[in-house]
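Reading the structure
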Amino acid sequence: MAERMRVVEITAPGGPEVLRPALREIPVAGAGELLVRVWCAGVNRPDVLQRQGRYPPPPGASDIPGLEVSGEVAALGEGVRDWRVGDQLCALVSGGGYAEYCLVPQGQALPVPHPVGTAESAGLPETTFTVWGNVFERGALRPGERFLVHGGSSGIGTTAIQLAAAHGAEVYATAGSEAKLAACRDLGARAAVNYRETDFASAIDELTGGAGVDVILDMVGGDYTARNLALLAPEGRLVQIAFLRGAAVQIDLEPIMRKRLVLTGSTLRARAPEVKAALAEALRREVWPWIAAGRVRPVIHATFPLAEAAEAHRVLDGGEHIGKLLLDCRL
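Residues numbered from 1 in each chain as written. Predicted model: local features only at pLDDT ≥ 70, side-chain atom pairs only at ≥ 80, totals over all residues. Heavy atoms only, no water.

Focus: the layout of surface pockets
This is how the line gets drawn: Lining residues are those with an atom within 4 Å of a point, where the points come from a 1 Å grid over the protein atoms alone and group into cavities, where a 1.4 Å probe fits but cannot get out, or pockets, open sets with protein on both sides within 12 Å along at least five of seven lines. Grid points are joined across faces, edges and corners, and a volume is the space filled by probe spheres set on the points. Per the convention used, a helix needs a DSSP run of H or I reaching at least four residues, while a strand needs a run of E reaching at least two, with both numbered from the N terminus. When residue character is reported, Ala, Val, Leu, Ile, Met, Phe, Trp, Tyr, Cys and Pro are called nonpolar, Asp, Glu, Lys and Arg charged, and the others, Gly included, polar.
Taken as a whole, the second largest pocket spans an internal volume of roughly 470 Å³. The wall of the second largest pocket is formed by 26 residues, among which Gly60, Ala61, Ser62, Gly95 and Leu103 lie closest to the centre. Of all the elements, strand 6 (residues 101-105) adds the most residues to the lining of the second largest pocket, at four residues. Classifying every residue of the lining of the second largest pocket gives 14 nonpolar, six polar and six charged.

See the structure below:
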């Protein structure tokens, strides 16, 4: 194994142009860690926030961006069990994905699920960990309930639609173009609403015959919050995982009390490895069989060579993609 690896660094807070190729020493696997030769790394919104200087890595995490990888085990740290050199996997990490090699806590690694290939499996961890933890654990979505995801054509959205539909929920989505709406329907949404052309709350209220929805997964915040609360059915749950339109909102407590609503949310990156390992086990038990059955798949919009990470970020910033963007760290 060579002593140095190619990586992409954030040279200063800013736009995509601050992402630059560099060389670094290959890290050494510590106790309970895998050293993974990275095939592909996912490109996600938290990477953009980190690039902008708005989302620093948690203590002890690599400053190299990238929160999910796929590849093969290159070396084992002390105490690692269940994995062998050469095993192929995908994994959630707290940083370090934009590189030829990456350290992975053993509890956050999952086998590549058939029939998904190793390279494209890099598009699974960040979205499946996030959706399972928020929609199914915090949001407690049950079969037969109505579920709404905003940004249905995003990486999170395409995953949420498929998992909720596989679980037996009635799925609704919002998106901003006809192509994106069609993609949401193709993935299992009963209906998709163009938020640029109509008020999503009124449209979905009409689609549900005034019943509203039971669980909402929201990445928008801001002025969506009051409309989300109005759209929720009694005992409904609003799960917040981002706030693209602002974190500070003013809400009316009356509908929360009257309808007995739950407003919750979470972040994942800084949570303890034990929490992430428990999520990984839930995915292996619940979601990986859906993938094997062909009911869930990663939706990959495009794959870029590692050195073209800046271009991948430009595409992500442009917002016209459907599904996930990947970096091929072998190129």
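Examining the pattern of salt bridges
The test is simple: Salt bridge criterion: a side-chain nitrogen from Lys or Arg within 4 Å of a carboxyl oxygen from Asp or Glu. When a residue's accessible area, from a 1.4 Å probe over protein chains only, is under 20% of the maximum for its type it is buried; when over 50% it is exposed; and in between it is partly exposed.
Inspection of the entire model under this criterion finds 18 salt bridges. One salt bridge connects Glu68 with Lys324, and the closest N-O pair in it is separated by 2.4 Å. Linking Glu68 in strand 4 (residues 68-76) with Lys324 in strand 15 (residues 324-328), this pair joins segments that are 256 residues apart in sequence. On the accessibility criterion, Glu68 (0% relative accessible area) is buried.

Quick notes on the sheet that holds strand 11 (residues 213-218)
The condition that has to hold: Strands qualify as paired when DSSP identifies two bridges or more between them. Each axis is a line fitted through C-alpha atoms, taken for helices only over the stretch in contact, and angles between the N-to-C directions span 0 to 180 degrees. Between two residues, a contact is recorded if the distance between any of their heavy atoms is within 4.5 Å.
Reading across the sheet, the six strands line up as 10-9-8-11-12-13 and stay open at both edges, with parallel pairing between neighbours. In this open sheet, the two edge strands, each paired with only one partner strand, are strand 10 (191-194) and strand 13 (262-265). The average undirected angle you get between the axes of adjacent strands in this sheet is 20 degrees. Bridge analysis of strand 11 against strand 12 (residues 232-240) gives five bridges, and the strand direction is parallel. What sits directly across from Asp218, in strand 12, is Gln240. Packed on one face of the sheet, helix 2 (residues 125-138) meets strand 8 (146-149), strand 11, strand 12 and strand 13 and runs near 160 degrees to strand 13. Contacts between helix 3 (residues 155-166) and the sheet are confined to strand 8, strand 9 (170-175) and strand 11, with strand 8 contributing the most and set at about 170 degrees to the helix.

Describing the environment of Ala41
Here Ala41 lies in strand 3 (residues 33-43). In this structure the C-alpha to C-alpha distance between Ala41 and His167, which are 126 residues apart in sequence, comes to 28 Å. Not counting chain neighbours up to four residues away, the residues in contact with Ala41 comprise Glu68, Val69, Gly97, Tyr98, Ala122, Leu325, Leu326, Leu327 and Cys329.

Digging into the packing of aromatic side chains
Stated precisely, the cut-off is as follows: Between the rings of Phe, Tyr and Trp (Trp by its six-membered ring), a pair exists once the centres lie within 6.5 Å; its type follows the angle of the planes, with under 30 degrees stacked, over 60 edge-to-face, and the other angles tilted. Only Lys NZ and Arg CZ are tested; either one counts as a charge over a ring when it is within 6 Å of the ring centre and within 35 degrees of the ring normal.
One pass over the structure, following the stated rule, counts four aromatic pairs. With centroids separated by 4.5 Å and ring planes inclined at 15 degrees, the aromatic side chains of Trp132 and Phe136 adopt a geometry described as stacked. Of this pair, Trp132 and Phe136 both sit in helix 2, four residues apart, which is roughly one turn of that helix. Given the relative accessible area of 9%, Trp132 is considered buried. Summarising the aromatic geometry, the rings of Phe200 and Tyr224 are spaced 4.7 Å apart at their centres and angled 40 degrees between planes, so their arrangement reads as tilted. With a gap of 24 residues between them, Phe200 in helix 5 (residues 200-207) and Tyr224 in helix 6 (residues 224-231) connect regions that are remote in the sequence. Within the aromatic cluster, the residues linked to one another by ring pairs are Trp132, Phe136 and Trp290. Looking at Arg269, its charged tip hangs above the ring of Tyr55, at a distance of 5.1 Å from the centre.

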